[in-house]
Amino acid sequence: MKKQWYRLDNAALIFPAIMHRHWNNAFRVSVTFSDPVDLVVLKQTLRDLRHRFPTFFVRLRTGFFWNYLEEIDDDVVIDPDYAYPLTHMSRKNLRRCCIRVLYYENRVAVEFFHSVTDGTGGMAFVKNMAACYIRNRYGINVPQENGIVSVKEKPRAEEIADVFPECSAKYASREVTEVVYKLYGEPEYDRFQHLVSGIIDTSVLLEKAHSYNATITSFLSAVMIESIINIQAHNVKEKKQKPVKISVPIDLRRLYNKQTYRNFVLAVNVGVDPRSGAYTLKELCDQVTSQLAVEVVPQKMSARIAANVKPAQLGILKIMPLPVKHFFMGLVYKQRGESLGCLNISNLGVAKVPGIMEPYIKRFEFIIGVQYSYPNNCSVVSYGGKTYVNMIRNTKQAELEQVFFSRLVDLGIPVEIESNDRV
């Protein structure tokens, strides 16, 4: 029987091109249950999900002109969680499966190669995995609300579609590139990734953000910009300093009313040039808020989508062999990709589930890995009245986490710290 296959969506095309033997773009979404994980039930749950979420049960394949995703024959392997989050997915791993399922005590984590989906799609998958697991284990009838769907239904066409082309403008935008300050540090010899999680009362964080007329995303971005400005001032002479910008991934589903489970996100770079003068935190919040308000509108985002979609539609590019495509895509990414920001702050917002599920779930978490040239990264999700701010790095220096979380405490926001650091 012929296997189902899927073209990579427009955002996914870049990731096979820029991955190398020690890095690929992956992220983790995990759910912590109230009871220890039942492996038999979890295995059945993953089988139940295959029909409803086919684009997740895939492997990465290499064609002559393009990479593509192909459905897998076997069950997804479930392994004990080990080492540290987001250990490298090798090309050999990706040829077997593009997701990894791990468990530890009460927690189930799913790690996704970014060509499969984005954070919002990953959270949708994990929430439905949790709902199906609860149904199977406890015999609970979970209603179809807050993103929970019936695993007995077929996926809707839009859920498995690349919706970037239909949201593309006629003319592409020309983004102005600017060299920004880069965080750096001494790499860990064994590529160990340090994870420091700040757990914050969501109501306290929200109240503080509102006191600055900002959302949680804008407020945390402003505090991060302030922290990096201070680090740069300490490490770099004034005349050699550079702008400080944060990349904020924007979920485009709300903007265009789309329901895809594939990638549908674009990053907006926000920040300031400290050489222009000092900024108060209030001024930084205002800058971030206004910059996001200006950029995150359908007209501008459609023009940015076009800048990515139209080159892939060029006839000359279509007939290029895949290695040549990868070479040129890698060059473009180095010039335009991560060169425009210092790190990401990716906020999935509040993870909402049907009320009947809440007694069975203690926690959701979202962790993005370090990027191609970012040694630090930050991801955020809220659940059950708590906001989890996860900062990851592959360098020995913990300066950014210390400055950032200390600043939140100074602002009157208590932070409980968890870490996987080795003793």
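Attention in this report is confined to the structure presented alongside it. This structure is a prediction, so every number in the text was calculated from the model and none was measured.

## Here's the deal with the overall build of the protein chain
Of the regular secondary structure elements, the protein chain holds 12 helices and 15 strands. Scaling as 2.2 N^0.38, a compact globule of 423 residues should have a C-alpha radius of gyration of about 22 Å, and the protein chain matches this with 21 Å. Working note: accessible area of the protein chain is about 19,400 Å², and carbon and sulfur atoms make up 53% of it. Charge-centre separation for the protein chain: the mean point of 54 positive side chains lies 7 Å from the mean point of 43 negative side chains.

## Concerning the side chain of E226
In this structure, E226 sits in helix α6 (residues 216-235). With relative accessibility at 11%, the residue E226 sits in the buried group. Among all residues touching E226, those that are not within four sequence positions of it are L281, L284 and R407.

## Concerning α6
Every α-helix carries 3.6 residues per turn, so stepping three or four residues along brings you back to the same face. In this model α6 runs 29 Å from its N-terminal to its C-terminal C-alpha over 20 residues, within 8% of the 28 Å that 1.5 Å per residue would give. In terms of burial, α6 is largely enclosed, as 16 of its 20 residues are buried.

## Focus: the sheet that holds strand β4 (residues 67-71)
Pairing is antiparallel in the open sheet, where 3 strands are placed in the order β1-β4-β3. Looking at strand neighbours, the two that pair on one side only are β1 (5-7) and β3 (58-62), the edges of this open sheet. In this sheet, neighbouring strand axes are inclined to one another by 35° on average, regardless of whether the strands run parallel or antiparallel. With 5 bridges joining them, β3 and β4 adopt antiparallel strand pairing. Bridge pairing in β4 places T62 opposite N67.

## Focus on the sheet that holds strand β10 (residues 265-272)
As summarised here, the arrangement of the 7 strands in space is β10-β9-β11-β13-β14-β8-β15, forming an open sheet in which the pairing is mixed. Looking at which strands have only one partner, the edges of the open sheet turn out to be β10 and β15 (416-419). Going across the sheet, the axis of each strand differs from the next one's by a mean of 20°, ignoring polarity. Here strand β11 (residues 343-350) runs beside strand β13 (residues 376-383); their pairing, made up of 4 bridges, is parallel. For I345, the partnering residue across the bridge sits in β13 and is C378. Sheet strands touched by α6: β9 (244-251), β10, β11, β13 and β14 (386-393). Its angle to β9, the strand with the most contacts, is close to 155°.

## What to know about the pattern of salt bridges
Here the structure, examined in full by the defined rule, presents 24 salt bridges. Close ionic contact of R275 with D273 constitutes a salt bridge, the shortest N to O distance being 2.8 Å. Taking the relative accessible area as the measure of exposure, R275 reaches 47% and is therefore partly exposed. On the basis of relative accessibility, which here comes to 19%, the residue D273 falls in the buried class. Notably, a salt bridge pairs K282 with D286, separated by 2.8 Å at the nearest N-O pair. Taken together, the residues K282 and D286, both in helix α8 (residues 281-295) and 4 residues apart, mark about one turn of the helix. Take D286: its relative accessible area is 33%, and that puts it in the partly exposed class. The structure contains a network of salt bridges with shared partners spanning R28, D81, R100, R107 and E111.

## A closer look at the side chain of R59
Structurally, the position occupied by R59 is in strand β3. A relative accessible area of 19% places R59 in the buried class. There is a polar contact of 2.6 Å between the side chain of R59 and the side chain of E70. Among all residues touching R59, those that are not within four sequence positions of it are K3, Y68, L69, E70, E71, I72, L94, R95, R96, C97 and C98.

## Quick look at α8
Taking 1.5 Å of rise per residue, 15 residues should cover 21 Å, and α8 covers 21 Å from first to last C-alpha, within 8% of that figure. Turning to α8, its buried residues number three or more, namely L281, L284, C285, V288, Q291 and L292. What you see down the axis of α8 is that its buried residues fit within an arc of 140°, all on one side. For α8, the elements touching its buried residues are α6, β9, β10 and α12 (399-410).

Calculation notes
- Residues numbered from 1 in each chain as written.
- Predicted model: local features only at pLDDT ≥ 70, side-chain atom pairs only at ≥ 80, totals over all residues.
- Heavy atoms only, no water.
- Helix = DSSP H or I, 4+ residues; strand = E, 2+ residues; numbered from the N terminus.
- Rg over C-alpha atoms; globule rule 2.2 N^0.38 Å.
- Areas by Shrake-Rupley, 256 points an atom, 1.4 Å probe, with all protein chains shown as cover.
- Lys, Arg positive; Asp, Glu negative; His and termini not counted.
- Charge placed at Lys NZ, Arg CZ, Asp CG, Glu CD.
- Buried < 20%, exposed > 50% of the residue type's maximum accessible area, 1.4 Å probe, protein only.
- Contact = heavy atoms within 4.5 Å.
- Expected span 1.5 Å × (residues − 1).
- Pairing = 2+ DSSP bridges.
- Axes fitted to C-alpha atoms, helices over the stretch in contact; angles between N-to-C directions.
- Salt bridge = Lys/Arg side-chain N within 4 Å of Asp/Glu carboxyl O.
- Polar contact = N/O pair within 3.5 Å; in protein donor to acceptor, adjacent residues only side chain to side chain.
- Arc of directions from axis to C-beta.

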